Amino acid sequence: MKVDPFWASIAAKAATIDERLSGKYIPDRNDDEARSATQSELDDAHQGFLQQWCEFASNGDKDLFTRRLARDGLKAIEVAPYLGDVVLRPGEDAPEWIDTARWVFDAIVSGGGETTGDCPADIRNDVPFADLIWPVVIAARARVSGFDAAVLGADARDDLDRILILRLAKVYTHTLYESFESFRQAVGIKPEDTAGPEVYDAFISALRSGPFANLVSNRPVMIRLLATVVDQWIATTGEFIDRLRRDMAAFRDHFPELQDISLVRKITGGISDSHDHGRSVLILEFDTGAKIVYKPRPIGAEQAWKGLSGWLVKSGSDIRLGAAQTWCLPDYGWMAYVDHDATLSSDQAPVFYRSSGQLLALLYCLKGSDMHHENFLIADGRPVVIDLETLFQP
């Protein structure tokens, strides 16, 4: 399939080293710079790229770097030309992310039209350039299967939108700030000379009229990352909603506090790193005020920990492990919400420190790691571990 020259160029510029060496790309011998440069100059440029790779991959150890290349059947002299300008090999299709990048680009440039609506004031005030990117959020929302599910309240849907735009902001913010500063200098306006949004509005209008294409051409990895984040959010949000609809009726069988729930009214994200193609932990609050934690990974370790805690109690041990109730399902699970309270009374303090020592000893025996302050909470005067995916480390 014929690829639009602009997007073929973006794909090539944003290609990773592995992709450049996959056979889908070839060195570009036809660009103006290559035609005007001597072979010696090209060789020097390629060697410079190779040296940068060596610095990143092996701290400049050339022997180690050579062995690293040899492990994959590569030689430096053969690899070097692919570190410069490349193009898609004739007949090759553009990578899949280009399709998303194109509609993301179109949404930003067009402004989304009348159906998009205005960016909510709280997001516009808290997230830089949110009104420019908001049409992408609306277009992405329309691509999520089940986004209008009855189990989600309007505020919960807004929370999912907010999760997406905050992830996108991590990609684009620095670049757009640079562009805005360049625009402001070009029109000769100093920061102290402006009090309203006129300069910002003029920048957004100007960017949409043409310069955004230049920005993407100069920052091709930015549009690739935006497309990747959007694709991951669409897939993982649809997956989450499907699991919620399927499981919600059975929550009361596993979590007594969820007996009378009917609607998710709030969703909190951004409380963990993203893993496994953009999946991350979510906290759900229902119409009753009760909460539950969604973990989009296997939680067998947490389930076993809860079982160990119960066994210790039944066996008469004085070891008391803080452990949250879990419902373990294939590839994901639900965990009872732990209400963190670090306030300790004079009676609780000795119990807390004794429990902490017991916990440390047990984690040592089980080869646990990564037990930093974000992976445990304090409830009822005891430490409660909420993330146990790093037990049994070699």
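Residues numbered from 1 in each chain as written. Predicted model: local features only at pLDDT ≥ 70, side-chain atom pairs only at ≥ 80, totals over all residues. Heavy atoms only, no water.

Taken in spatial order, the five strands make up an open sheet running β3-β4-β5-β7-β6, and their pairing is antiparallel. Two strands lie at the open edges of the sheet, namely β3 (264-268) and β6 (326-329), each paired on one side alone. If you compare each strand with its neighbour and ignore which way they point, the axes differ by 20 degrees on average. In terms of strand pairing, strand β5 (residues 291-295) meets strand β7 (residues 332-336) through four bridges, oriented antiparallel. Paired with Tyr294 across the two strands is Trp334, which belongs to β7. The strands touched by helix α10 (residues 154-186) are β3 and β4 (282-286); relative to β3, the strand with the most contacts, the crossing angle is about 15 degrees. Relative to the sheet, helix α15 (residues 300-314) contacts β5, β6 and β7, its axis offset from that of β6 by approximately 140 degrees. (Pairing = 2+ DSSP bridges. Helix = DSSP H or I, 4+ residues; strand = E, 2+ residues; numbered from the N terminus. Axes fitted to C-alpha atoms, helices over the stretch in contact; angles between N-to-C directions. Contact = heavy atoms within 4.5 Å.)

Attention shifts here to the side chain of Asn375. In this structure, Asn375 sits in the loop between α16 (348-365) and β8 (376-379). Here the side chain of Asn375 touches Asp370 through a polar contact of 2.8 Å, landing on its backbone oxygen. Not counting chain neighbours up to four residues away, the residues in contact with Asn375 comprise Asp370, Val384, Val385, Ile386 and Asp387. (Polar contact = N/O pair within 3.5 Å; in protein donor to acceptor, adjacent residues only side chain to side chain.)

Regular strands show a simple pattern: their side chains alternate between the two faces of the sheet. Counted residue by residue, β4 has five buried out of five residues, so it is predominantly covered. Neither face of β4 is exposed, since Leu282, Leu284 and Phe286 on one face and Ile283 and Glu285 on the opposite face are all buried. Looking at chain direction, β3 and β4 are connected through four bridges and run antiparallel. Bridge pairing links Ile267 to Leu284 in β4. Bridge count for β4 against β5 is four bridges, and the pairing is antiparallel. In the strand pairing of β5, Ile283 is matched with Val293. (Buried < 20%, exposed > 50% of the residue type's maximum accessible area, 1.4 Å probe, protein only.)

So, about the side chain of Asp387. Note on placement: Asp387 falls in the segment after β9 (382-385). Residue classification places Asp387 among the buried residues on the basis of a relative accessible area of 15%. A polar atom in the side chain of Asp387 sits 3.3 Å from the backbone nitrogen of Glu389. Ignoring sequence-local partners within four residues, the contact set of Asp387 consists of Lys295, Arg297, Glu302, Met371 and Asn375.

General note: in soluble globular proteins, nonpolar side chains tend to be found buried as a group. Within the largest apolar cluster, 84 residues are counted, with the highest numbers of intra-cluster contacts made by Tyr172, Phe240, Leu244, Phe251, Leu284 and Trp334. Other than its neighbours up to four places away in sequence, Leu284 contacts Phe240, Leu244, Val264, Lys266, Ala290, Lys291, Ile292, Tyr294 and Trp334. (Core = buried A, V, L, I, M, F, W, Y, C linked by side-chain atoms within 4.5 Å.)

Further remarks concern unusual backbone geometry. The phi dihedral of Asp276 is positive, around 50 degrees, even though this residue is not glycine. Relative to the assigned elements, Asp276 resides in the loop between β3 and β4. Backbone geometry at Asp370 places phi at a positive 65 degrees, although glycine is not the residue there. Secondary-structure assignment places Asp370 in the loop between α16 and β8.

This part is about the confidence of the model for the protein. Summary statistics for the protein give a mean pLDDT of 91 and a share of 97% for residues scoring 70 or more. Model confidence for the protein, summarised as mean pLDDT per element, is weakest for helix α3 (residues 32-36) at 54 and strongest for β4 at 98. (pLDDT = per-residue confidence, 0-100.)

With that settled, consider the environment of Ser315. Within the secondary structure, Ser315 sits in the loop between α15 and β6. When its relative accessible area of 43% is taken as the criterion, Ser315 is described as partly exposed. Polar side-chain contacts of Ser315 include one of 3.0 Å to the backbone oxygen of Leu312.

Along β5, four of the five residues are buried, which leaves the element largely enclosed by surrounding structure. In sequence, β4 turns back onto β5 through a hairpin of four residues, with Gly289 there showing a positive phi of about 95 degrees.

The tally for this structure, following the rule as stated, stands at 17 salt bridges. For the salt bridge of Arg297 with Asp387, the shortest nitrogen-to-oxygen distance reads 3.0 Å. Here Arg297, found in the loop between β5 and α15, pairs with Asp387, found in the segment after β9; they are 90 residues apart in sequence, far enough to count as distant. Both residues of the pair, Arg297 and Asp387, belong to the buried class. (Salt bridge = Lys/Arg side-chain N within 4 Å of Asp/Glu carboxyl O.)

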